[in-house]
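Observations on chain architecture
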Amino acid sequence: VDAIMLAGETAVGLYPVKTVETLDAVIREAERIGPVQGGVGVMSPIVEVPRAPHAQALCEAAVTLADHSGAFAIVAITRLGNAARVLSALRPRTPIFAATETDTIARHLTIYRGVVPLITGIGKGVDTTGTLLREELRSRGLVPRGSVVVFISANARLERADQNFVNVQRFD
């Protein structure tokens, strides 16, 4: 659940505390159960972005790698926030750090489950970007020493060799 809003009588009723407690219990149970597996009711996350099938597959691969490697976090390198939104919909067990250059995109990403926006410089190539982000994560104390981190960049354009990658690294 990304967000729930009380409206109408529920928002101004006689029992506001009980209403919020009930919503909290429902949300926690839904999160605990997760999607139904192996039968009717199996739902795949539906997210309109990105429009490129390879970008969805990269995000799915990043979540799988994070789950199987015991990663501390997933770092999405995102100019428009699309990869972070898709990752959020996939419900990884780890936090998603969304590295973006603009405060507008960072503000928009604050409502997505598990996403921690980071306004930071994004380099022009894979090596530069990776170096900048590792330094930023270390300087802010966001990733403990020795932790595994999954980096992902998903872009609709396939022409650039420095886009569209998933990378697993240990922070030393």
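Residues numbered from 1 in each chain as written. Predicted model: local features only at pLDDT ≥ 70, side-chain atom pairs only at ≥ 80, totals over all residues. Heavy atoms only, no water.

Counting its regular elements, the chain contains six helices and five strands. Burial status across the chain gives 35% buried among its 172 residues. Sequence-distant contacts, at least 24 apart, represent 51% of the contacts inside the chain between residues at least 6 apart. Here the chain displays about 10400 Å² of accessible surface, and carbon together with sulfur accounts for 58% of that area. (Helix = DSSP H or I, 4+ residues; strand = E, 2+ residues; numbered from the N terminus. Buried < 20%, exposed > 50% of the residue type's maximum accessible area, 1.4 Å probe, protein only. Contact = heavy atoms within 4.5 Å. Areas by Shrake-Rupley, 256 points an atom, 1.4 Å probe, with all protein chains shown as cover.)

Strand pairing in a sheet relies on backbone hydrogen bonds. The paired strands run either parallel or antiparallel. In space, the five strands of this open sheet follow the order S3-S2-S1-S4-S5, with mixed pairing throughout. Edge positions in the sheet fall to strand S3 (115-119) and strand S5 (165-170), since each of these pairs with one other strand and no more. The average undirected angle you get between the axes of adjacent strands in this sheet is 25 degrees. Looking at chain direction, strand S1 (residues 73-77) and strand S4 (residues 148-153) are connected through four bridges and run parallel. Bridged to alanine 76 within S4 is isoleucine 152. Taken strand by strand, helix H3 (residues 53-69) contacts S1, S4 and S5, and its axis lies near 180 degrees from that of S4. The strands touched by helix H4 (residues 82-89) within the sheet are S1, strand S2 (96-100), S3 and S4, with S1 carrying the most contacts at an inclination of about 150 degrees. (Pairing = 2+ DSSP bridges. Axes fitted to C-alpha atoms, helices over the stretch in contact; angles between N-to-C directions.)

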